[in-house]
There are 2 protein chains.
Amino acid sequence: MIDNYLLEELVTFAKYGTLAATAEQLMVTQPTVTRGMQKLEEELGVTLFVRQPNRISLSKTGQFAAKAAQKALDQNQLFIDEVRKYELNQRVIQLGTVAPGPRMVVNSLRLASNTRLEQQFIAPEAVAPKLLSHDYTLIITNQELQTEQIEARYLGSESLSVNLDQFTYLANQPMVTFKELKGLSFIVLTDISLWRDIIQANIPQAKFLYQAQTTAFTEITKYSNFPYFSTNLSKLAPENHPDENDDRVRIPISDPAAKMDFYAAYLQQNRKIVAPLIKQLTAAWL
Amino acid sequence: MIDNYLLEELVTFAKYGTLAATAEQLMVTQPTVTRGMQKLEEELGVTLFVRQPNRISLSKTGQFAAKAAQKALDQNQLFIDEVRKYELNQRVIQLGTVAPGPRMVVNSLRLASNTRLEQQFIAPEAVAPKLLSHDYTLIITNQELQTEQIEARYLGSESLSVNLDQFTYLANQPMVTFKELKGLSFIVLTDISLWRDIIQANIPQAKFLYQAQTTAFTEITKYSNFPYFSTNLSKLAPENHPDENDDRVRIPISDPAAKMDFYAAYLQQNRKIVAPLIKQLTAAWL
DNA sequence: AACAATTACGGAATCCGTAAAAATT
DNA sequence: AATTTTTACGGATTCCGTAATTGTT
């Protein structure tokens with residue numbers, strides 16, 4: 001077993017080329033580095049340097065060793081990071097979502113002090129890795145993940161509606177289909193994650209006027225007749241939608257693709273920790 | 001950066017369950033381990049143990065940390081092993097072969113003192129990995145390997161012949177095909193590596209009487225009429241074949257599959273080291 | 001009473017920096 | 001003359017083992 005500080009000296013030397021520079025970089029004196037590299041060679045039983053009276057450089061084996069040493073140091077650092085991350089995960093629940101709907105549900109809750117909601121959305125394919133790497137304790141996702149280590153519990157669903165000007169033909173129907181919305185121009189918030197792909201894939205020849213800012217979105221919505229989307233969860237974030245003076249009519253979309261089920265996914269080993277939060281979420285879901 | 005001996009104490013504790021047993025295992029005293037684990041917790045800033053006045057055990061995080069620590073230790077050990085292996089490879093050429101033919105060529109040489117021939121054969125698909133991992137410096141193989149790091153030089157070929165009783169019909173032909181050997185029973189050495197698959201795949205309905213010992217092989221060959229195989233390289237190992245009093249006739253096999261080209265494969269970075277040996281091999285090849 | 005963990009204390013080994021030496025550019 | 005590496009030496013830190021303490025089984 002070789003001490004890490006020797007490995008670090010080797011790696012630093014490989015980068016800076018002289019013992020003097022290495023010492024300066026590591027904030028020690030040259031003799032320290034000299035002794036360190038001698039000790040490393042002795043412990044390995046291998047010559048790593050070619051020495052001339054006033055010059056020292058890595059042998060071929062030394063160059064190889066420097067690369068290998070970097071890997072060992074990386075693994076050591078990984079140990080530190082992973083353990084700290086794991087411990088944090090035991091203490092505070094890192095909560096993530098794949099879409100804005102569930103996030104609105106979470107925002108409507110009074111979260112326990114040990115719970116922290118991450119704002120950015122997680123791609124569905126990143127859910128399992130981020131759970132396994134202990135970056136998140138619980139992720140609300142649209143897939144019923146079930147693996148060796150992960151389990152998922154159903155929370156509720158989100159259904160898309162479209163808000164249409166009351167004088168249009170479609171506004172008088174009880175429901176509409178994506179097809180019937182063909183060719184319209186919609187005003188849409190940029191950050192709607194999963195729904196974006198769904199509306200783009202299902203509404204033919206439509207135009208989507210994406211707005212990055214919610215203020216821009218609400219203003220344009222208010223002073224125009226563009227249709228916009230909302231869901232059964234939208235009322236949990238009323239600030240996003242111009243309820244007052246909005247003379248549009250909310251019409252549910254009947255396509256199966258307009259309904260999305262959400263699940264709480266987490267590591268089985270964390271079941272007890274997340275149980276209260278899941279209970280809270282289920283109760284709050286509309 | 002965390003000292004490896006602390007990681008080792010943690011891993012050992014995870015295995016033995018008490019500080020006393022851990023200390024005994026590591027051949028230190030209990031206070032040493034107590035202090036070590038305290039220091040580890042302090043440096044990580046994380047609690048790894050649940051402490052009762054008279055009992056200490058790993059917390060959930062501690063169990064996780066023990067596993068992670070093992071990985072870090074493994075990487076450290078890997079560093080040591082790899083560097084030593086690399087250095088050995090710089091000093092002495094580790095020479096391997098995929099088949100007995102090339103090995104006979106090597107055995108016929110007076111090898112330089114820095115060259116060591118490994119006796120067991122290497123599977124063709126293992127050639128590249130074993131070069132890249134520095135287990136071997138040079139491998140004589142039947143594939144012309146060319147990758148980012150590996151290159152191969154042609155050495156020579158080996159051609160299969162069959163030795164038939166002089167009174168049989170086929171013995172009077174200048175050449176035979178695998179098909180013409182249909183249904184015969186052959187006496188064969190078990191350890192012929194690649195040729196085994198070739199004769200089994202190409203000679204229909206044949207029986208192969210495999211002999212693990214060369215003594216058994218030569219004895220049975222001598223006192224029976226079974227045909228056996230040899231190649232242009234066989235004469236380099238005359239002890240394997242009963243030349244005297246053998247009234248069989250050596251007939252070359254004309255199929256393309258009965259000829260095999262051999263190459264010296266090595267890492268480009270070792271080109272200079274292996275050059276003299278390759279020169280020697282090329283010269284010695286029949 | 002026996003056992004397990006922790007704390008206290010003293011000695012020993014290790015490690016580091018300063019200083020000096022050797023040799024090159 | 002200025003750099004670079006190596007060796008020598010003295011001090012300081014760290015680390016370890018023995019012994020004592022605490023509390024449980």
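Worth saying up front: this structure is predicted, and the values here are computed from it rather than measured.

**Q** What am I meant to see in the packing of aromatic side chains here?
**A** Any two aromatic rings considered together are summarised by their centre-to-centre distance and by the angle between their planes. As enumerated under the stated definition, the model contains 16 aromatic pairs over all chains in all. Between Phe64 of chain A and Tyr86 of chain B, the ring centres sit 4.2 Å apart and the planes meet at 15°, which makes this aromatic pair stacked. Taken together, the residues span two chains, with Phe64 of chain A in helix H4 (residues 60-91) and Tyr86 of chain B in helix H4 (residues 60-91). The buried category is assigned to Phe64 of chain A, whose relative accessible area is 16%. Residue classification places Tyr86 of chain B among the buried positions, given a relative accessible area of 3%. Judged by centre distance (6.0 Å) and plane angle (90°), the ring pair of Phe217 of chain A and Tyr228 of chain A falls under edge-to-face. Of this pair, Phe217 of chain A sits in helix H8 (residues 214-222) while Tyr228 of chain A sits in strand E9 (residues 228-231), and the two are 11 residues apart along the sequence. As far as burial versus exposure is concerned, Phe217 of chain A and Tyr228 of chain A are alike and both buried. One aromatic cluster in this structure is built from Phe186, Phe208, Tyr210 and Phe229 of chain A. Over the face of the ring belonging to Tyr210 of chain A we find Arg196 of chain A, whose NZ or CZ atom lies 4.0 Å from the ring centre.

**Q** So what exactly am I meant to see when it comes to the protein's contact with DNA strand D here?
**A** Taken together, 19 residues lie around DNA strand D, and Gln38 and Arg51 of chain A together with Thr29, Thr32 and Arg35 of chain B are the ones closest in. In DNA strand D, the atoms that sit within 4 Å of the protein are 67% sugar and phosphate, with bases accounting for the remainder. Contacts to DNA strand D include Leu19 of chain A, whose backbone N or O atom sits 3.2 Å from a phosphate oxygen. Within the side chain of Thr29 of chain B, an N or O atom sits 3.0 Å from a phosphate oxygen of DNA strand D. Listed by contribution, the elements that provide at least two residues to the surface near DNA strand D are helix H2 (19-26) and helix H3 (30-44) of chain A together with helix H3 (30-44) of chain B. Across the surface near DNA strand D, the residue classes break down as eight nonpolar, seven polar and four charged.

**Q** Would you mind going over the domain arrangement of chain A with me for this structure?
**A** A common measure of how large an interface is: the accessible area buried when the components associate. Assigned domains of chain A: these are domain 1 (4-88), domain 2 (91-156 + 260-284) and domain 3 (157-259). The C-alpha-based centres of domain 1 of chain A and domain 3 of chain A are spaced at 60 Å.

**Q** Can you help me understand the protein's contact with DNA strand C in this one?
**A** With respect to spatial proximity, 19 residues lie near DNA strand C, and among them Thr32, Arg35 and Lys39 of chain A together with Arg51 and Asn54 of chain B are the closest. For DNA strand C, the fraction of atoms within 4 Å of the protein that belong to sugar or phosphate moieties is 62%. Contact distances for DNA strand C include 2.9 Å between a base oxygen and a side-chain N or O atom of Arg35 of chain A. Within the contact set of DNA strand C, a base oxygen lies 3.2 Å away from a side-chain nitrogen or oxygen of Asn54 of chain A. At the level of elements, H3 of chain A together with helix H2 (19-26) and H3 of chain B are the ones that each hand at least two residues to the surface near DNA strand C.

**Q** Explanation requested: the interface of chain B and chain A in the structure shown.
**A** Of the residues lining the interface, 34 residues belong to chain B; the matching set on chain A comes to 34 residues. Regarding the contact of chain B and chain A, the summed buried area is about 3,100 Å², with carbon and sulfur atoms giving 67% of it. Along the contact surface separating chain B from chain A lie zero salt bridges. Counting the contacts that link chain B with chain A gives 10 residue pairs in polar contact (both at pLDDT 80 or more). Elements with a contribution of two residues or more to the side of chain B that touches chain A: helix H1 (4-16), H3 and H4 of chain B. For the side of chain B that touches chain A, the residue count by class is 18 nonpolar, eight polar and eight charged.

**Q** How do you make sense of the environment of Asp247 of chain B when you look at a structure like this?
**A** Residues and elements named next belong to chain B. Its place among the elements puts Asp247 in the loop between strand E9 (228-231) and strand E10 (248-252). C-alpha separation for the pair Asp247 and Asn163, spaced 84 residues apart in sequence, amounts to 9.2 Å. Sequence-distant contacts of Asp247, that is, excluding residues within four places in its chain, are made with Leu164, Asp165 and Gln166.

**Q** What's the story with the pattern of salt bridges in this structure? I'm lost.
**A** Residues and elements named next belong to chain A. On inspection of all chains with the given rule, the structure shows 14 salt bridges over all chains. Linking Glu118 and Arg116 is a salt bridge whose minimum nitrogen-to-oxygen distance equals 3.4 Å. The exposure class assigned to Arg116 is partly exposed, which follows from its relative accessible area of 45%. Look at the salt bridges and you will find they share partners, linking Glu82, Lys85 and Asp135 into a network.

**Q** Got a minute to help me understand the relation of the copies chain B and chain A in this structure?
**A** Each of the two copies of the chain can be brought onto the other by a rotation about an axis and a shift along it. Note on the copies: chain B fits chain A at an RMSD of 0.1 Å, the axial shift is 0.1 Å, and the rotation between them is 180°. In the structure described here, the two chain copies are related by an operation that fits a two-fold rotation axis. A symmetric contact is evident, with 100% of the interface residues of chain B recurring at the interface of chain A.

Thresholds applied
Residues numbered from 1 in each chain as written. Chains lettered and ligands numbered in written order. Predicted model: local features only at pLDDT ≥ 70, side-chain atom pairs only at ≥ 80, totals over all residues. Heavy atoms only, no water. Phe/Tyr/Trp six-rings, centres within 6.5 Å; stacked < 30°, edge-to-face > 60°. Helix = DSSP H or I, 4+ residues; strand = E, 2+ residues; numbered from the N terminus. Buried < 20%, exposed > 50% of the residue type's maximum accessible area, 1.4 Å probe, protein only. Lys NZ or Arg CZ within 6 Å of the ring centre and 35° of its normal. Near = heavy atom within 4 Å. Polar contact = N/O pair within 3.5 Å; in protein donor to acceptor, adjacent residues only side chain to side chain. Nonpolar A, V, L, I, M, F, W, Y, C, P; charged D, E, K, R; others polar. Domains from an automatic or database assignment. Contact = heavy atoms within 4.5 Å. Buried area = accessible area lost by both parts, 1.4 Å probe. Salt bridge = Lys/Arg side-chain N within 4 Å of Asp/Glu carboxyl O. Least-squares fit on C-alpha atoms with pLDDT ≥ 70 in both.

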